[in-house]
Amino acid sequence: MRTESEQTIYLKDYAPTPYRIVSVELDFKILEESTRVRAQLTIEPREDTAPGTPLVLDGDELKLNSIALDGAPLVLSAYASDANSLTLVEPPHKRFVLETEVTLKPEANTKLMGLYRSSGTWCTQCEPEGFRRITYYLDRPDVLAPFKVRMSAPKSLAPVLLANGNLVDQGELGDGMHFAVWEDPFLKPAYLFALVAGDLGSIKDSFTTMSGRKVELGIYSTHGKEAECAYAMDSLIRSMAWDERRFGREYDLDVFNIVAVSDFNFGAMENKGLNIFNDRLVFAKPETATDANYHGIERVIAHEYFHNWTGNRITCRDWFQLCLKEGLTVFRDQEFTSDERSRPVQRIHDVQNLRTSQFPEDGGPLAHPPRPDSYREINNFYTTTVYEKGAEIVRMLATILGEDGFRKAMDLYFERHDGDATTIEAFIKVFEDASGRDLSQFATWYLQAGTPKVSVTDSYDAASQTYTLTLSQTIDPTPGEPTKKPLLIPLRFGLIGPNGSPMGWTGVSGAAVEGDLILLDGDSVTLTFEGVANKPIPSLFRGFSAPVKVNTNLSQDDLLFLARHDSDPFNRWDALQTVSTALIANAAEGKAWSENDVEALRAALIDTLDNAELDDAFKAQALDIPAETVVGRHIGRDVNPDAVAAARKSLLTALVSPVAAKLAGAYGALASSDVYSPDAAQAGRRSLRNGLLALLTAGSERGASLAAEQFEAATNMTDRYAAMAISVRNWTSEASALLGEFRTRFAGDPLVFDKWLTASAQAPDDEVIERMRATLTAPDFPKTNPNRLRSLLGSFVMANPVQFTRTDGAGFRFITEAVVEIDKVNPQVASRILTGFRVLPTLEAPRREAGMAALQALKDQHSLSRNVGEILDRIIA
Ligand code: PHE
Ligand code: ZN
């Protein structure tokens, strides 16, 4: 059953609009029960538009009250309107002004696209296609116009009136109404439009730009939360300074405002001069926010701010180019965090994220190129591939061009394209022109789906002192792409000698090698290094120089050697991950490890822990044993998550039990009585301590009670949440009590409730589904809030493989049943939760079949949104 259109949009059909919008004046009259929107659009035909060409404006759930052209009401035969469009049958062949009026019901807008209300505050979300839910418009990113917005509202309900740009007028209107007029001089597409009206508190600060202009900064939130916005403000100011330093980018308006709202579909939105944020990415205080929350706030505040140049000043021609702004801006926010905190730790963090979410997407039924060429529902393409793989592609460009070359190219990009709505092709061209390189093969990264697999073999000939390295790439087929082209893969590397020091060579042939960079461009290349004094161990893909999977012939001993001696911190970490992933995966498939293997791994982990030169955050990452989902992904097919969980648990026991006393000692020694600060050093110390707690709880008898004690004694949320989450994931005898206590202690704080939901959903015991069902159907559960829904259901599908993929299908059905209900309220949230089913092809047959049966029932028995319908069809296909 299907109700919404299944029409597919193709990149190849792109054509500019026949009409331009020259300027936009909007007038919002906001009242308690409804909002009236008047739009005055100054429109003109393009030079090459034939007279009589109809003008078709987009709409979505709109109803036209009135329409006038150049001041005169239009006769019925001159236009046609329905909920989804407004057509002027034969517009004037000259510049004209179109006036329309519609009435909106923001209160009833649960899709959270367009104008809606969140806890009483009126706010908007227009990317990608929300503006058409506000007024009839050419709602596409290549239509750029200056906007002037007048808004009026009852002062008691909405003393604060905000929109894009600069405030140019405000005043009282009588009847308790007041108004404000905002003008944005920068041309922008409608998706960057924003308006907020509400009873909000704020904190203010200012930033003086590099050319000496003073910018007023404001962060708005519900009253009482102002103090919790301080870290966001600090992050904003640091972001503004960093973009000047690192990219020479200065802010361009006199004001920059951020508003935190509690109902929001994504993380945050870069509306020009008025960013709107999911409140979970603004509010922070030590008692209720974790170090990870602080880290996330810093990152997303920076991300949205950086969009002012990469997204707003230079925007996308069409939504197929989404990666142009998102991949680039994620790269920029990753670089910001690397500069502000620890670069290696950030790199490991980002790669871990890529491997847990993007690799599974790229290797499953939802795989798509970073620049797709078709879609049914654009909201389904705000994916980890567009964002995170998109960032990796930009990072590879930076690696290939080098720091100076990359900066030069970015300068050219800003110079050449400021004010444009442009494309990936134009972006690549800039890099070609700035560097003089031919990047046509490189461009395939944007156009092709799938994670390349690079296989490595090597050999050493002592007599001739030559070392040979053979590298081959393959990419498995992905939906719609049966054959693949080889990619240009930048491989940063080094050779390490038997004593652990870097080794040199006198000559190399077989491929382009520039310093420590190999450019792999064919299916297979063989490099021959001359003058290599001893058999080296290769350290490949240093810093994870390309988003690929690597398969080497390195033994466990070689890998543990790298873990100790590699000068590249990323590869030290990665070597440990590779070893433990292989041990768990093999055991899950019935190939037991040897006592020696475990001993050697344990020794390497302990050496890392004891190494005085490494920082705590890095050690925490190094001691982290890969999650069940990561191991399942590594196995790739016929996965039995119960076997993976059991193997992981038994590896942890084997690793930890002989050294439990030592680990407990280290855990104790890391306790601190310092006043909480979210800084990297303190956060690193906490993460190492909590990492040790996780090891002790999973692998020894003493962890469970240590966790319970930590929960009680904690003076900040990082430690308290870690203690609870670790207890729940291991389902210790204390876990249930801790969940109960946590819930009571923080009753009434919705963002802490999210933490409770996230942890609850990860309990591996057989009753977890029944408990979640009870939570979800409780009368007071906020069924329309995306954060609550995602915390519970998103966390279950992504991080509880044992229960989600149960052979009896109970986990799958729990989700599909929830999806049916959520879809009626908010299709975007519903479809995102459903993407968890992409894991099906990797599972053993009974689970796969149970999952498919649940999906088939969903398809057969319900009428679904386009969002859910598209995801469902792609997974079932
Ligand atoms: N453009 C936003 C970002 O990544 C994401 C977003 C997309 C937010 C769609 C809301 C809706 O910064
Ligand atoms: Zn973004």
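The paragraphs below set out a description of the structure included in this document. From a predicted model like this one, the values you see are computed outputs, not experimental measurements.

### So, empty space enclosed by the protein
Here is step 1: For the structure on display, the rule yields 1 cavity of 30 Å³ or more.
Here is step 2: Around the largest cavity, the lining residues are R602, L605, I606, L609, L623, L655, V656, V659, L663, L692 and L695.
Here is step 3: Mapped by element, the contributors of at least two residues to the lining of the largest cavity are helix 10 (595-610), helix 13 (641-656) and helix 15 (680-699).
Here is step 4: In terms of residue count, helix 10 provides more of the lining of the largest cavity than any other element does, 4 residues in total.

### Side note on the pattern of salt bridges
Here is step 1: Scanning the model with the defined rule gives 71 salt bridges in all.
Here is step 2: Between D58 and R132 there is a salt bridge, with the nearest N and O atoms lying 3.6 Å from each other. Taken together, the residues span a long stretch of sequence, with D58 in strand 4 (residues 55-58) and R132 in the loop between strand 11 (121-125) and strand 12 (145-154) at a distance of 74 residues.
Here is step 3: Exposure remark for R132: the relative accessible area of 14% places this residue in the buried category.
Here is step 4: A salt bridge links R238 to E298; the shortest N-O distance between them is 2.7 Å. Of this pair, R238 sits in helix 1 (residues 230-247) while E298 is found in helix 2 (residues 291-306), placing the two residues 60 residues apart along the sequence.

### Examining the layout of surface pockets
Here is step 1: Put simply, the second largest pocket is a space of about 1200 Å³.
Here is step 2: Classifying every residue of the lining of the second largest pocket gives 18 nonpolar, 11 polar and 14 charged.

### Let's talk about the sheet that holds strand 18 (residues 214-221)
Here is step 1: Spatially, the 5 strands line up as an open sheet ordered 17-18-19-21-20, and their pairing is mixed. Of all strands in the sheet, those bounded by a partner on one side alone are strand 17 (201-208) and strand 20 (268-269).
Here is step 2: As judged from the 8 bridges shared by strand 17 and strand 18, these two strands associate in the antiparallel manner. Paired with I203 across the bridge in strand 18 is I219.
Here is step 3: Against the sheet, helix 2 touches strand 19 (255-261), strand 20 and strand 21 (274-278), its axis set at about 150° to strand 21.

### Here we look at the nonpolar core
Here is step 1: Counting 167 residues, the largest nonpolar core has F28, Y137, F193, F427, F431, F442 and L471 as the members making the most contacts within it.
Here is step 2: Residues in contact with F442, not counting those within four places in the same chain, are I393, M396, L397, I400, I428 and L488.
Here is step 3: Membership of the second largest hydrophobic core comes to 117 residues, among which are V579, A698, V752 and L792.

### Notes on the packing of aromatic side chains
Here is step 1: The full count for this structure, using the stated rule, is 43 aromatic pairs.
Here is step 2: With a centroid separation of 5.0 Å and an interplanar angle of 50°, the aromatic rings of F742 and F746 are classed as tilted.
Here is step 3: For F742, a relative accessible area of 1% puts it in the buried group.
Here is step 4: Directly above the ring of W309 sits R249, whose terminal nitrogen or CZ lies 4.6 Å from the centroid.
Here is step 5: Positioned above the aromatic ring of F711, the side-chain terminus of R720 is 5.8 Å from the ring centre.

### Some words on the coordination of the zinc ion (ligand 2)
Geometry sets the ideal angles at a metal, namely 109.5 degrees for four tetrahedral donors and 90 or 180 degrees for six octahedral donors.
Here is step 1: Note on the zinc ion (ligand 2): its protein donors are H303 (NE2), H307 (NE2) and E326 (OE). The metal-donor distances range over 1.9 to 2.1 Å.
Here is step 2: In the primary sequence, the donor residues of the zinc ion (ligand 2) line up as H-x3-H-x18-E. One end of the pair, H303, is in helix 2; the other, E326, is in helix 3 (residues 322-340), with 23 residues separating them in the sequence.
Here is step 3: When its relative accessible area of 1% is taken as the criterion, E326 is described as buried.

Rules behind the numbers
- Residues numbered from 1 in each chain as written.
- Chains lettered and ligands numbered in written order.
- Predicted model: local features only at pLDDT ≥ 70, side-chain atom pairs only at ≥ 80, totals over all residues.
- Heavy atoms only, no water.
- 1 Å grid on protein atoms, 1.4 Å probe; cavity = no way out; pocket = protein on both sides within 12 Å on 5 of 7 lines; lining within 4 Å.
- Points joined across faces, edges and corners; volume = space filled by probe spheres on them.
- Helix = DSSP H or I, 4+ residues; strand = E, 2+ residues; numbered from the N terminus.
- Salt bridge = Lys/Arg side-chain N within 4 Å of Asp/Glu carboxyl O.
- Buried < 20%, exposed > 50% of the residue type's maximum accessible area, 1.4 Å probe, protein only.
- Nonpolar A, V, L, I, M, F, W, Y, C, P; charged D, E, K, R; others polar.
- Pairing = 2+ DSSP bridges.
- Contact = heavy atoms within 4.5 Å.
- Axes fitted to C-alpha atoms, helices over the stretch in contact; angles between N-to-C directions.
- Core = buried A, V, L, I, M, F, W, Y, C linked by side-chain atoms within 4.5 Å.
- Phe/Tyr/Trp six-rings, centres within 6.5 Å; stacked < 30°, edge-to-face > 60°.
- Lys NZ or Arg CZ within 6 Å of the ring centre and 35° of its normal.
- Donors = N, O, S within 2.8 Å, 3.2 Å for Na, K, Ca; no water.

None of this, on its own, says anything about what the molecule does.
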